[in-house]
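# Structure at a glance
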Amino acid sequence: MNTERRAPLDRRRVADTALKLLNEVGLDGLTLRAIARELDVKAPALYWHFEDKQALLDEMATEMYRRMVAGTPLDPADTWRDRLLKSNRGLRAALLGYRDGAKVFSGSRFTGIEHAEQMEDNLRLFTAAGFTLAQAVRATSTTYLYTLGFVTEEQGVEPMAGERREGYDVAERARTMADFPLSARAGAEIFTDYDAHFEEGLAVVIAGIEARYGIS
């Protein structure tokens, strides 16, 4: 008889297990049944904690956020540009740590208010720099959406580090599109060197914010 006591089943344990399984099966293969099997419980046990898969995704996104900000205190010496660079680089790194990480995060609703502390600090920093509250919201949300969209597309090509989906061979693409030379050459710009492309795109967005609102 196995007398080993298992950890009690709660929302955080389920989300933790789901995130581990996500890297193995991806979002499409992540079912409540598969998670229950991993936890060695019956699937109905999960419905005490999550009414459906979206509720679970909300908790997973919240746990991803908790991990992202854990041990990374905000620097009061940051300029608004520093904060945008740091927060969006950190977000991209966090999302890339999970297969389909951007898809899980996108459209999910945080289940707690842990994000409010960082959000408040960011808005305080931006308004002190001369942004109106509306402009501060627009600046932070636009860069956030840029990062989320960028990683969604990046993971569509490279689901995890060292992986590349079939059909994204740049040389083959160039041969197929030989009648469209600029488009053929553009493949190397679109589907390779994501680190450099992310940084350049983020710099473009930040420069646009500065130009739009006239705040240096």
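An unreviewed UniProt entry annotates the chain as TetR family transcriptional regulator originating from Streptomyces curacoi.

### Quick notes on the nonpolar core
Most often, soluble globular proteins have nonpolar side chains that are buried together. The biggest cluster of nonpolar side chains holds 31 residues, and the ones touching the most others in it are L22, I35, L56, M60, L95 and F105. Setting aside residues up to four positions removed in sequence, F105 forms contacts with A61, M64, Y65, L91, L95, F110, Y144 and L148. If you look at the next biggest cluster of nonpolar residues, it comprises 18 residues, including W80, L123, A136 and F150.

### Re the UniProt feature "DNA-binding region" (unreviewed entry) in the chain
Within this structure's numbering, the places UniProt gives as "DNA-binding region" (unreviewed entry) are residues 31–50. For the annotated span residues 31–50, helix accounts for 40% and strand for 0% of the residues, and the straight-line distance between the end C-alpha atoms is 12 Å.

### Quick word on the side chain of D78
With respect to the helices, strands and loops of the structure, D78 is situated in the loop between α3 (53–69) and α4 (80–96). Overall, the relative accessible area of 7% leaves D78 in the buried class. Setting aside residues up to four positions removed in sequence, D78 forms contacts with R83, K86 and L125.

### Structural notes on the pattern of salt bridges
Tallied over the full model, the rule gives 21 salt bridges. In this structure, D75 engages K86 in a salt bridge whose closest nitrogen and oxygen atoms are separated by 3.8 Å. Here D75, found in the loop between α3 and α4, pairs with K86, found in helix α4; they are 11 residues apart in sequence, far enough to count as distant. Classification of D75 as partly exposed rests on a relative accessible area of 33%.

### Quick notes on the UniProt feature "domain: HTH tetR-type" (unreviewed entry) in the chain
The feature "domain: HTH tetR-type" (unreviewed entry), as given by UniProt, occupies residues 8–68 in the numbering adopted here. A distance of 25 Å separates the end C-alpha atoms of residues 8–68, which is 70% helix and 0% strand.

### Notes on helix α7 (residues 133–157)
A rise of 1.5 Å per residue sets the reference length of α7, with its 25 residues, at 36 Å; its end C-alpha atoms lie 37 Å apart and thus fit the reference within 8%. Residues of α7 that are buried: A136, A139, T143, Y146, T147, L148, F150, V151, E154, Q155 and V157. On the buried face of α7, the contacting elements are α4, α5 (101–105), α6 (115–128) and α10 (194–213).

### Description of α3
With 17 residues, α3 extends 25 Å between its outermost C-alpha atoms, agreeing within 8% with the 24 Å of an ideal straight helix rising 1.5 Å per residue. The buried count for α3 comes to 12 of 17 residues, which makes it a mostly enclosed element. Regarding α3, the residues found buried are A55, L56, L57, D58, E59, M60, A61, T62, E63, M64, Y65 and R66. Contact partners of the buried residues in α3: α1 (11–29), α2 (32–39), α4, α5 and α6. Two or three places before Q54, at the start of α3, stands the capping residue D52, its side-chain oxygen 3.3 Å from that residue's backbone nitrogen.

### A short note on the environment of I35
Looking at the element boundaries, I35 is found in helix α2. As a C-alpha pair, I35 and A15 span 20 residues in sequence and 9.2 Å in three-dimensional space. Among residues more than four places away in sequence, those in contact with I35 are V14, T17, A18, L21, L30, L46 and L56.

### A look at the environment of L96
Along the polypeptide, L96 turns up in helix α4. The spatial distance from the C-alpha of L96 to the C-alpha of T152 is 9.5 Å, given a sequence separation of 56 residues. Once residues lying within four places of it in the same chain are set aside, the contact partners of L96 are V151, E154, Q155 and M160.

### Quick look at the packing of α6 against α7
The interhelical angle for the contact between α6 and α7, taken along N-to-C directions, is 120 degrees, at an axis separation of 9 Å. For the element pair α6 / α7, the angle class is oblique. The handedness of the crossing between α6 and α7 comes out as right-handed. Together, L123, F126 and T127 of α6 and L133, A136, V137, A139 and T140 of α7 make up the contact between the two elements. Its residues placed into classes, the contact of α6 with α7 shows six nonpolar, two polar and no charged.

Cut-offs applied
Residues numbered from 1 in each chain as written. Predicted model: local features only at pLDDT ≥ 70, side-chain atom pairs only at ≥ 80, totals over all residues. Heavy atoms only, no water. Core = buried A, V, L, I, M, F, W, Y, C linked by side-chain atoms within 4.5 Å. Buried < 20%, exposed > 50% of the residue type's maximum accessible area, 1.4 Å probe, protein only. Contact = heavy atoms within 4.5 Å. UniProt positions renumbered as here; feature names shortened; annotations may be inferred. Helix = DSSP H or I, 4+ residues; strand = E, 2+ residues; numbered from the N terminus. Salt bridge = Lys/Arg side-chain N within 4 Å of Asp/Glu carboxyl O. Expected span 1.5 Å × (residues − 1). Polar contact = N/O pair within 3.5 Å; in protein donor to acceptor, adjacent residues only side chain to side chain. Axes fitted to C-alpha atoms, helices over the stretch in contact; angles between N-to-C directions. Parallel < 35°, antiparallel > 145°, perpendicular 65-115°, else oblique. Left-handed = near helix turned anticlockwise from the far one by under 90°. Nonpolar A, V, L, I, M, F, W, Y, C, P; charged D, E, K, R; others polar.

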